[in-house]
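# A look at the structure
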Amino acid sequence: MKKEEPRVLSIILGGGKGTRLYPLTKERSKPAVSFGGKYRIVDIPLSNCINSGYKKIYLLTQFNSASLHLHISNAYNFDRFSGGFVEILAAEQTLEHSGWYEGTADAVRKNFIHFKTQKPTHYIILSGDQLYKMDLRAFMDAHIKSGADVTIATTAVNRRDASGFGIMQIDKENRVKAFMEKPKPDANIDEWKIPKEARGALPAEKEYLASMGIYIFNAETMEECLLGENSKYTDFGKEILPLAIGKKKINSYVFDGYWEDIGTIRSFYEANIALCEPYPTFDFFGATTPFYTAMSNLPPSKINKASVDASLISEGCIITNAKLTKSVIGQRSIISENSELNGVIMMGADYYDSEAEKDELKKANKPATGIGKNTKIANTIIDKNAKIGDDVRIGVDGNKYEDGDHGSFYSADGIIVIRKGAVIPSGTVI
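Here the structure is a predicted model, which means the values were calculated and not measured.

### A few points about unusual backbone geometry
A cis amide bond links Tyr 22 with the next residue in sequence, Pro 23, at an omega value of 10°. Relative to the assigned elements, Pro 23 resides in the loop between strand 1 (8-13) and strand 2 (34-35). Not every positive phi belongs to a glycine, and Lys 119 is a case in point at roughly 50°. Mapped onto the elements, Lys 119 comes out in the loop between helix 4 (112-115) and strand 6 (122-127). Take Lys 119: its relative accessible area is 62%, and that puts it in the exposed class. Residues other than glycine seldom take positive phi values, yet Asn 338 does so here, at roughly 60°.

And the structure:
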């Protein structure tokens, strides 16, 4: 008799206000932030699900979700014969619940009414702001084979990095014995080192296991962990899973591929720029595991004489006699004569200026959308629809700024962020 396939629901957690990614999250949720020129961050977990054959996907969000709704509706339309869907579940008021999502577990709990109609046997819980390429089917197979109630995806880290994560203590059979949230740098956690029998080919300096915030729950276990006397607990990592240790069989699935939490401006910037390497640890090239996003129907980019080194250029750009070095250029980016970009993430634009609009901007002595002539920019994120004039200098003169708002731009972790729709007049120096 053929063994029944597990009925898997994928749940992607859209995150909270995204304050660590501000100002990129001022008008959009974290999953909707542009990444890699043409993608959105949410395309990463969604593509991992689809490539693994898991096409029933719910996306839970509550902050600034309009941009995300538009992207999902444009990008993820399954035919009716596949049975697949990507559905956004924003926080809603019901007769049972009247408030916002109060944490990761609370968000899932408040949507059980929607999940149960699919009669799942398993839930995969994924984060909406992480960068990784993972075979979720292999993760599920390991979970089922182990007989675990819950499996936590983990990644090996060194002692320094361990202080930034929830750390797992496991036995030689990968069963989780204890959980510690962000141990202090001076704490002795030698007893939490990965057992020799479970290390495999992990690097010697990575002696601890950090939770990736990715979980598989048996459906019955999920309900037991979230309902009844546990209804007061709101977070998986801080409350639900630590309380379940010892009561449920919880295993660790050690993922040895690339994984990066891109929740801060610095990590977001570095992850984008790393895509420009000749052989990046993470890239979007893969014949069997493509990354999906909205179709744009844009023309090929036009390069009118330029020097381009180690850079990504998306569709619909017009680049004229410019110099690009280690930069990620988004769709519809206009870069004018004699401008230089070095280590720049330019998110592009949602539209092209019409000739009439260009004339009006010129009369008002304002720059058009894109980058003007003779402008030099380095170590900067330029959000969408920015208008940067001629002879502008940004990040090239060694100026230091405190983290925070500086009017036309924002500084975070040493990175300058030009706001969405910002107007930077000609001759400006930042």
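Following the structure, the description resumes.
### Considering helix 2 (residues 66-75)
Inspection of helix 2 places Leu 68, His 71, Ile 72 and Ala 75 among the buried residues, and these make up the whole buried set. The buried residues of helix 2 occupy one face: seen down the axis, they fall within an arc of 95°. Facing away from the buried side of helix 2 by over 90 degrees, the exposed positions are Ala 66 and Leu 70. Looking at the buried residues of helix 2, the elements they touch are strand 3 (39-40), helix 1 (43-51), strand 4 (56-61) and strand 5 (85-90).

### Describing the nonpolar core
In this structure, Ile 72 and Met 134 are the most contacted members of the largest nonpolar core, which totals 39 residues. It is strand 11 (residues 208-218) that provides the largest number of residues to this core, a total of 5 residues. Among all residues touching Ile 72, those that are not within four sequence positions of it are Val 42, Leu 46, Leu 59, Val 86 and Ile 88. Judged by nonpolar contacts, the second largest core, of 38 residues, contains Leu 9, Leu 13, Tyr 58 and Ala 244.

### Describing the packing of helix 8 (residues 219-226) against helix 9 (residues 236-244)
Packing of helix 8 against helix 9 brings their axes to within 10 Å, and their N-to-C directions diverge by 110°. By the criterion of interaxial angle, the relationship of helix 8 to helix 9 is roughly perpendicular. Judged by residue contacts, Met 222, Cys 225 and Leu 226 of helix 8 engage Phe 236, Ile 240 and Ala 244 from helix 9. Grouping the constituent residues of the contact of helix 8 with helix 9 by class yields 6 nonpolar, no polar and no charged.

### As for the side chain of His 122
Among the structural elements, His 122 can be located in strand 6. Its relative accessible area of 11% is what places His 122 among the buried residues. Engagement of the side chain of His 122 in a polar contact is seen with the side chain of Thr 121, the distance being 2.8 Å. Here the side chain of His 122 touches Asn 218 through a polar contact of 3.3 Å, side chain to side chain. The contacts of His 122, once residues within four sequence positions are left out, are Pro 6, Arg 7, Val 8, Leu 9, Met 140, His 143, Ile 144, Ile 216, Phe 217, Asn 218 and Ala 219.

### Digging into a nonpolar patch on the surface
A grouping of Ile 303, Val 308 and Ile 313 is seen on the molecular surface, where their side chains present a nonpolar patch of about 210 Å² in accessible area. Structurally, Ile 303 can be placed in strand 14 (residues 302-304). Exposure remark for Ile 303: the relative accessible area of 40% places this residue in the partly exposed category.

### Details of the side chain of Thr 320
In this structure, Thr 320 sits in strand 17 (residues 318-320). Polar contacts involving the side chain of Thr 320 include one to the side chain of Asn 304, which spans 3.3 Å. Apart from the residues lying within four places of it in its own chain, the contact partners of Thr 320 are Asn 304, Lys 305, Ile 335, Ser 336, Glu 337 and Asn 338.

Reading the values: the criteria
- Residues numbered from 1 in each chain as written.
- Predicted model: local features only at pLDDT ≥ 70, side-chain atom pairs only at ≥ 80, totals over all residues.
- Heavy atoms only, no water.
- Helix = DSSP H or I, 4+ residues; strand = E, 2+ residues; numbered from the N terminus.
- Buried < 20%, exposed > 50% of the residue type's maximum accessible area, 1.4 Å probe, protein only.
- Arc of directions from axis to C-beta.
- Contact = heavy atoms within 4.5 Å.
- Core = buried A, V, L, I, M, F, W, Y, C linked by side-chain atoms within 4.5 Å.
- Axes fitted to C-alpha atoms, helices over the stretch in contact; angles between N-to-C directions.
- Parallel < 35°, antiparallel > 145°, perpendicular 65-115°, else oblique.
- Nonpolar A, V, L, I, M, F, W, Y, C, P; charged D, E, K, R; others polar.
- Polar contact = N/O pair within 3.5 Å; in protein donor to acceptor, adjacent residues only side chain to side chain.
- Patch = residues over 30% accessible without salt bridge, like charges linked within 9 Å, V, L, I, M, F, W, Y side chains within 5 Å.
- Areas by Shrake-Rupley, 256 points an atom, 1.4 Å probe, with all protein chains shown as cover.
- Salt bridge = Lys/Arg side-chain N within 4 Å of Asp/Glu carboxyl O.

So, to be careful, I would describe these as geometric facts and stop short of saying anything about function.
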